Amino acid sequence: MKQLDFSIIDPHIHQWAPYHTPHSATLLVKTLGKYPLLMDKILRIVKPKALLDTLGHTQHVLSSYLPIHYHQDLDEIQVKSVVHVEADWHHHKGFGVVEETRWLSQLDFSKYDLKLAAIVATADPSHRKFVDILKAHRDASPLFRGIRKMSSWHEDDGIYRWSKTPHLYQSKKFLKGFEQLAKMNLSFDAWGYSTQLNEITALAKQFPETRIVVDHLATPVSLFGAVGKKTGKTLRNVMQYFSNGKTT
């Protein structure tokens, strides 16, 4: 790999340890961790196809990914510091999300010449104790800088819905809580599909004083081919039509 002559800041990494922390795959990992092939097969039976299509390989979900693994993946690339973005901590309701912030504060990044510069945790602005949860995050770590609340939802139910609520960023309860972020000088990571960019744009216009980061390029749906039950199939058929030399 060609070496860079400068160090970088990685603004979006995830750390997890399913053997030791609340994770959606924790029970499966603890039960069948010594049998990865069997574990993979069972995971593909119990989890929805839409999620598996999103994940692709399941190995990364079933294995720990900690500072040592991130350091190994860097090879010789110089990373000055990293920002951790919430990784779907399984105790994701109420104050349970603060556990992830506490856990991250205990990881020894410095041992691998890494610096954890900031933590983007999660919290639901619709929650009646949203402000208290934000304060709990702040008390848990001085590196707490903001939150992410995923709104990724697509009308095609064959595309995995990371949010149970459609149009979350337009919800009155969500918007009522969201105004607290600016008051506490906190940022917001927005993750929706490309079909939801108008909702993210509307959110930014309503709260111009809040710093908003759009995660994963707003995940372009069907950019690399058909997905879900019907999304992208029309585009694929058109491409095939012209590739066969039919121009009428």
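Structure: above.
All of the points below concern the structure found in this document.

Description of the packing of helix H6 (residues 98-106) against helix H7 (residues 130-140)
(1) Moving on: Look at H6 against H7: their axes get within 9 Å of each other, and the N-to-C directions meet at 10°. Comparing their axes, H7 and H6 come out roughly parallel. Two secondary-structure elements touch here, H6 through Val98, Thr101, Arg102 and Ser105 and H7 through Ile133, Ala136, His137 and Ala140.
(2) Moving on: Split by residue class, the contact of H6 with H7 holds 4 nonpolar, 3 polar and 1 charged.

With respect to the packing of aromatic side chains
(1) Moving on: Overall, the coordinates contain 10 aromatic pairs when judged by the stated rule.
(2) Moving on: Arranged with centres 5.8 Å apart and planes meeting at 45°, the rings of Trp89 and Trp103 form a pair that is tilted. With Trp89 in the loop between strand S2 (79-85) and H6 and Trp103 in helix H6, the pair connects residues that are 14 residues apart, well separated along the chain. Each member of the pair, Trp89 as well as Trp103, is classed as buried.

Things to note about the packing of H7 against helix H8 (residues 172-183)
(1) Moving on: As a packed pair, H7 and H8 sit with axes 10 Å apart at the nearest point and diverge in direction by 35°. Considering how the two elements wind past one another, H7 and H8 form a crossing that is right-handed. Along its contact with H7, which presents Phe130, Val131 and Leu134, the element H8 presents Gly177, Gln180 and Leu181.
(2) Moving on: Residues that form the contact of H7 with H8 fall into these classes: 4 nonpolar, 2 polar and no charged.

Some remarks on the sheet that holds strand S5 (residues 187-191)
(1) Moving on: One open sheet accounts for 6 strands, arranged S1-S2-S3-S4-S5-S6; its pairing is parallel. The open sheet terminates on both sides in strands that have one partner only, identified here as strand S1 (8-13) and strand S6 (212-214). Each neighbouring strand pair of the sheet contributes to a mean axis angle of 25°, computed without reference to strand direction.
(2) Moving on: In this sheet, S2 lies alongside S1 in parallel orientation, the contact comprising 4 bridges. Directly across from Ile9, in S2, lies its bridge partner Ser81.

Brief notes about the nonpolar core
(1) Moving on: Leu134 and Phe188 are the most contacted members of the largest nonpolar core, which has 41 residues in total.
(2) Moving on: If sequence neighbours within four positions are ignored, Phe188 has contacts with Ile147, Arg148, Lys149, Tyr169, Phe174, Phe178, Leu181, Leu203, Thr210, Arg211, Ile212 and Val213.
(3) Moving on: Leu28, Leu32, Met39 and Val61 belong to the second-largest nonpolar core, a separate cluster that totals 8 residues.

What counts as what
Residues numbered from 1 in each chain as written. Predicted model: local features only at pLDDT ≥ 70, side-chain atom pairs only at ≥ 80, totals over all residues. Heavy atoms only, no water. Axes fitted to C-alpha atoms, helices over the stretch in contact; angles between N-to-C directions. Helix = DSSP H or I, 4+ residues; strand = E, 2+ residues; numbered from the N terminus. Parallel < 35°, antiparallel > 145°, perpendicular 65-115°, else oblique. Contact = heavy atoms within 4.5 Å. Nonpolar A, V, L, I, M, F, W, Y, C, P; charged D, E, K, R; others polar. Phe/Tyr/Trp six-rings, centres within 6.5 Å; stacked < 30°, edge-to-face > 60°. Buried < 20%, exposed > 50% of the residue type's maximum accessible area, 1.4 Å probe, protein only. Left-handed = near helix turned anticlockwise from the far one by under 90°. Pairing = 2+ DSSP bridges. Core = buried A, V, L, I, M, F, W, Y, C linked by side-chain atoms within 4.5 Å.

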